[in-house]
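Read off the chains here:
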Amino acid sequence: QVQLVESGGGLVQPGGSLRLSCAASITIFSIQIMRWYRQAPGNQREYIASITGGGNTYYAVSVKGRFTISRDNAKNTVSLQMNSLKPEDTAVYYCQTTVYSNEYWGQGTQVTVSS
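In what follows, the accompanying structure is described.

How each quantity is defined
Residues numbered from 1 in each chain as written. Predicted model: local features only at pLDDT ≥ 70, side-chain atom pairs only at ≥ 80, totals over all residues. Heavy atoms only, no water. Core = buried A, V, L, I, M, F, W, Y, C linked by side-chain atoms within 4.5 Å. Buried < 20%, exposed > 50% of the residue type's maximum accessible area, 1.4 Å probe, protein only. Helix = DSSP H or I, 4+ residues; strand = E, 2+ residues; numbered from the N terminus. Contact = heavy atoms within 4.5 Å. Pairing = 2+ DSSP bridges. Polar contact = N/O pair within 3.5 Å; in protein donor to acceptor, adjacent residues only side chain to side chain.

**Overview of the nonpolar core**
Stage number 1. One finds Trp36, Leu80, Met82 and Tyr93 to be the most contacted residues of the largest nonpolar core, which totals 29 residues.
Stage number 2. Of all the secondary-structure elements, those providing two or more residues to this core are strand S3 (18–24), strand S4 (34–39), strand S5 (46–51), strand S7 (67–72), strand S8 (77–82), strand S9 (91–99) and strand S11 (109–113).
Stage number 3. Once you skip the residues sitting within four places of it in the chain, Met82 turns out to touch Gly16, Ser17, Leu18, Leu20, Arg66, Phe67, Tyr93 and Val111.

Here's what the structure looks like:
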């Protein structure tokens, strides 16, 4: 059973920073592509960023240059450093991976950007 647990969300002022983490219970974590998505109220879930087992990173245009995805294979964790946050970044953020064609999602962590 694969479990993903996100943490690190909260309330931050515009221009501030937050760091999200996702702990994964996957024995083959080091080769897994890990992804972050977000979903704002009334919107569809939106792809944010991904990182391959080899450390290659990809970003949505909306966050490129502000967000950084990273991973620690020794700790089975993937992180999302979010800088220069904007009110439109307010959403529930989810960690996701696909194992043997099965999709797994965390429970999500709320990020609210507001003054």
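On we go from here.
**As for the pairing of strand S10 (residues 102–105)**
Moving residue by residue along a regular strand, the side chains alternate between the two faces of the sheet.
Stage number 1. In terms of strand pairing, S9 meets S10 through four bridges, oriented antiparallel. When the bridges of S10 are listed, Thr98 appears paired with Glu103.
Stage number 2. Taking the residues that link successive antiparallel strands as the turn, the S9-S10 hairpin has two residues, and the phi of Tyr100 there is positive, at about 50°.

**Remarks on the side chain of Asp89**
Stage number 1. Of note, Asp89 is situated in the loop between S8 and S9.
Stage number 2. When its relative accessible area of 0% is taken as the criterion, Asp89 is described as buried.
Stage number 3. Side-chain polar atoms of Asp89 contact the side chain of Arg38, separated by 2.9 Å.
Stage number 4. In terms of polar contacts, Asp89 uses its side chain to reach the side chain of Arg66, at 2.7 Å.
Stage number 5. Once you skip the residues sitting within four places of it in the chain, Asp89 turns out to touch Arg38, Arg66, Phe67, Ser84, Val111 and Val113.

**Quick word on unusual backbone geometry**
Stage number 1. A positive phi angle, close to 55°, is found at Asn76, a residue other than glycine.
Stage number 2. If you trace the backbone, Asn76 turns up in the loop between S7 and S8.
Stage number 3. Although it is not a glycine, Ser84 adopts a positive phi angle of roughly 50°.
Stage number 4. Secondary-structure assignment places Ser84 in the loop between S8 and S9.

So far we have only geometry, and geometry alone does not tell us how the molecule works.
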